[in-house]
Amino acid sequence: MPSIHLKTNIPGPRSQALAARRSEAVPRGVSQLTPVFVARSEGAVIEDVDGNRYLDFAGGIGCLNAGHRAPGVVAALHAQADRFLHTCFMVTPYESYVALAEKLNALAPGRSPKKTLLLNSGAEAVENAIKIARAYTRRPAVICFEDAFHGRTLLTLALTSKTHPYKAGFEPFPGDIYRVPYGQPAEQLEDAFQRVVAAESVAALIAEPVQGEGGFIVPPAGWLAAVHEVCRKHGILLIADEVQTGFARTGKMFAIEHEGIEPDLMVTAKSLGGGLPLGAVTGKAEIMDHTGPGALGGTFGGNPMACVAALAAIQAIEECQLCERAVQLGDQFRQRAQAWQRRFPAIRDVRGLGAMQAFELAEAQSTKSLTKYCYEHGLILVTAGTYGNVVRILMPLVVTDDQMSEAFAIMESALEAA
Ligand code: PLP
């Protein structure tokens, strides 16, 4: 395979031809962050259709904590493909759905008995968490945060904060959603109950323990625990959205473990499926069981291929000790990025938790040029932030130290070239 450091003809002729077909066949609304098309992948590396090789520090936007084609995941998928592909769990159930629910119930923080519902995506899981919270509390309202991201369906867009490109033009959104500042003293919520929405009307508060798309914003330690206390006082359910933070990314299986609290409901997706589409709501059994048969579900939710992939991905995360590895990777990045911050005034901030790390630049244009330079030199990175000015890393946690060094060298030369 060609070495990563050389600037080659990117996009190559095959990618260019596919891009032309793509623009004829796929709407513009689906963005394309790099102009290359994938041929194969492994671990933390992607090869494109022209034979160029990239370190993948986007990981399918945080979906590949266990790595591209983790060996256990691939083996489980082959074995499942030889047995059955789909029956619909609601019609003729199968063991892997139950086994995955048991596993997530055991992993979820807190001692209360848990139950798990499986779905197809993060957004669908968030929608279901809201349905369950409303049914249980018999209250309508939901509190969410500035700079939050919870998905692109209409209800989750109402919870998502960023207007462009996500929300503009898609109004009206479902009502009874109230947005408050993130990471501010929890007492301000009491004020919101006077000025914004009555506490007794609120079913749930939904929070990312670390904001992902919003720009890797880490709230002050103890903040979410204090918010949880306010919620408990008023009978409001706390929904932890662990879609991006989950499965070892922040150095714990779930980021909320850093706060030592038990959310009422927890939403997971992305790295849950080990590369397959899967979402889950895991919550206190009493809350999860409140709705009657038929009220929850979906044709493909908890598809057998996705379930066996998830079980194998979780096993890999545990066996490879990826929580510990995430802490090491995060430390490596922080040290390096803080040194860059001293050298390059364009870097305004370095922040993150575990391997969920980012640096913020002064403006969005600089992050675009930086990520372009990086993929042209063999490193795929994605940006984040309400203002698009944050460069984040979401590499598979199976990345090697040598691959980390290569990625740092490319980022550093991108900063020098800027
Ligand atoms: N919640 C969070 C915190 C996310 O980061 C995302 C996606 O980026 C979602 C929900 C939506 O997940 P999906 O894209 O699988 O619908």
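Please read these numbers as outputs of a predicted model, since none were measured by experiment.

Concerning the sheet that holds strand E10 (residues 279-284)
Then, number 1: Ordered by their spatial adjacency, 7 strands build an open sheet running E4-E10-E9-E8-E7-E5-E6, and the pairing between neighbours is mixed. The open sheet terminates on both sides in strands that have one partner only, identified here as strand E4 (114-119) and strand E6 (177-180). Strand-to-strand twist across the sheet, computed as the mean angle between neighbouring axes with direction ignored, equals 20°.
Then, number 2: Across 3 bridges, the pairing between strand E8 (residues 237-241) and strand E9 (residues 265-268) is parallel.

Some thoughts on the site of the ligand
Then, number 1: Around the ligand, the surrounding shell consists of Ser121, Gly122, Ala123, Phe149, His150, Gly151, Glu208, Glu213, Asp241, Val243, Gln244 and Lys270.
Then, number 2: The backbone of phenylalanine 149 places a nitrogen or oxygen atom 3.4 Å from a nitrogen atom of the ligand.
Then, number 3: A distance of 2.7 Å separates a nitrogen atom of the ligand from a polar atom in the side chain of aspartate 241.
Then, number 4: Compared with its free state, where it exposes 390 Å², the ligand has 82% of that area covered by protein.
Then, number 5: For the shell around the ligand, the residue count by class is 3 nonpolar, 5 polar and 4 charged.

Here we look at the pattern of salt bridges
Then, number 1: For the structure on display, the rule yields 18 salt bridges.
Then, number 2: Among the salt bridges present, the one from arginine 195 reaches aspartate 191, with a minimum N-O distance of 2.8 Å. With arginine 195 and aspartate 191 both in helix H8 (residues 187-195) and 4 residues apart, the pair spans about one turn of that helix.
Then, number 3: Overall, arginine 195 belongs to the exposed group, its relative accessible area being 67%.
Then, number 4: A relative accessible area of 35% places aspartate 191 in the partly exposed class.
Then, number 5: Note that glutamate 412 is salt-bridged to arginine 343, the shortest N-O span being 3.6 Å. Placement of glutamate 412 in helix H14 (residues 401-417) and of arginine 343 in helix H12 (residues 322-343) is noted, with a sequence separation of 69 residues between them.
Then, number 6: With a relative accessible area of 19%, glutamate 412 lands in the buried category.
Then, number 7: Given a relative accessible area of 46%, arginine 343 falls into the partly exposed group.
Then, number 8: When salt bridges that share partners are traced, they join Arg336, Arg343, Glu412 and Glu416 into one network.

Observations regarding the packing of aromatic side chains
Then, number 1: Using the criterion set out here, one finds 12 aromatic pairs in the structure.
Then, number 2: Consider the rings of phenylalanine 247 and phenylalanine 254, whose centres lie 5.2 Å apart with planes at 75°: the pair is edge-to-face.
Then, number 3: Looking at phenylalanine 247, the relative accessible area reads 1%, which means it is buried.
Then, number 4: We classify phenylalanine 254 as buried; its relative accessible area is 0%.
Then, number 5: On the basis of an interplanar angle of 75° and a centroid distance of 6.2 Å, the ring pair of tryptophan 340 and phenylalanine 408 is categorised as edge-to-face. With tryptophan 340 in helix H12 and phenylalanine 408 in helix H14, this pair connects stretches of sequence that are 68 residues apart.

Observations concerning H8
Then, number 1: Leu189, Ala192 and Phe193 are the residues of H8 that are buried. In an axial view of H8, the angular spread of the buried residues amounts to 105°, which keeps them on one side of the axis. Residues of H8 that are exposed and point over 90 degrees away from its buried face: Glu187, Gln194 and Arg195.
Then, number 2: Buried residues along H8 sit in contact with strand E5 (141-145), E6, strand E7 (202-207) and helix H9 (223-233).

Re the domain arrangement of the chain
Then, number 1: Each assigned domain of the chain is listed with its residue range as follows: domain 1 (13-66 + 321-417) and domain 2 (72-319).
Then, number 2: When each unit is reduced to the centre of its C-alpha atoms, the spacing between domain 1 and domain 2 is 26 Å.
Then, number 3: Facing 30 residues of domain 1, the contacting portion of domain 2 comprises 31 residues.
Then, number 4: Of the roughly 2400 Å² buried between domain 1 and domain 2, counting both surfaces, carbon and sulfur atoms make up 59%.
Then, number 5: For the pair domain 1 and domain 2, the interface holds 1 salt bridge.
Then, number 6: Its salt-bridge partner being glutamate 213, residue arginine 392 comes within 2.8 Å of it at the nearest N-O pair.
Then, number 7: Applying the counting criterion to the domain 1 and domain 2 interface returns 21 residue pairs in polar contact (both at pLDDT 80 or more).
Then, number 8: The set of elements that each furnish at least two residues to the side of domain 1 that touches domain 2 consists of helix H2 (59-62), H12, strand E11 (347-353), strand E12 (356-361) and strand E15 (390-393).
Then, number 9: Top element by residues in the side of domain 1 that touches domain 2 is H12. It accounts for 4 residues.
Then, number 10: Residue composition of the side of domain 1 that touches domain 2, grouped by class: 19 nonpolar, 9 polar and 2 charged.

About the criteria used
Residues numbered from 1 in each chain as written. Predicted model: local features only at pLDDT ≥ 70, side-chain atom pairs only at ≥ 80, totals over all residues. Heavy atoms only, no water. Pairing = 2+ DSSP bridges. Helix = DSSP H or I, 4+ residues; strand = E, 2+ residues; numbered from the N terminus. Axes fitted to C-alpha atoms, helices over the stretch in contact; angles between N-to-C directions. Near = heavy atom within 4 Å. Polar contact = N/O pair within 3.5 Å; in protein donor to acceptor, adjacent residues only side chain to side chain. Areas by Shrake-Rupley, 256 points an atom, 1.4 Å probe, with all protein chains shown as cover. Nonpolar A, V, L, I, M, F, W, Y, C, P; charged D, E, K, R; others polar. Salt bridge = Lys/Arg side-chain N within 4 Å of Asp/Glu carboxyl O. Buried < 20%, exposed > 50% of the residue type's maximum accessible area, 1.4 Å probe, protein only. Phe/Tyr/Trp six-rings, centres within 6.5 Å; stacked < 30°, edge-to-face > 60°. Arc of directions from axis to C-beta. Contact = heavy atoms within 4.5 Å. Domains from an automatic or database assignment. Buried area = accessible area lost by both parts, 1.4 Å probe.

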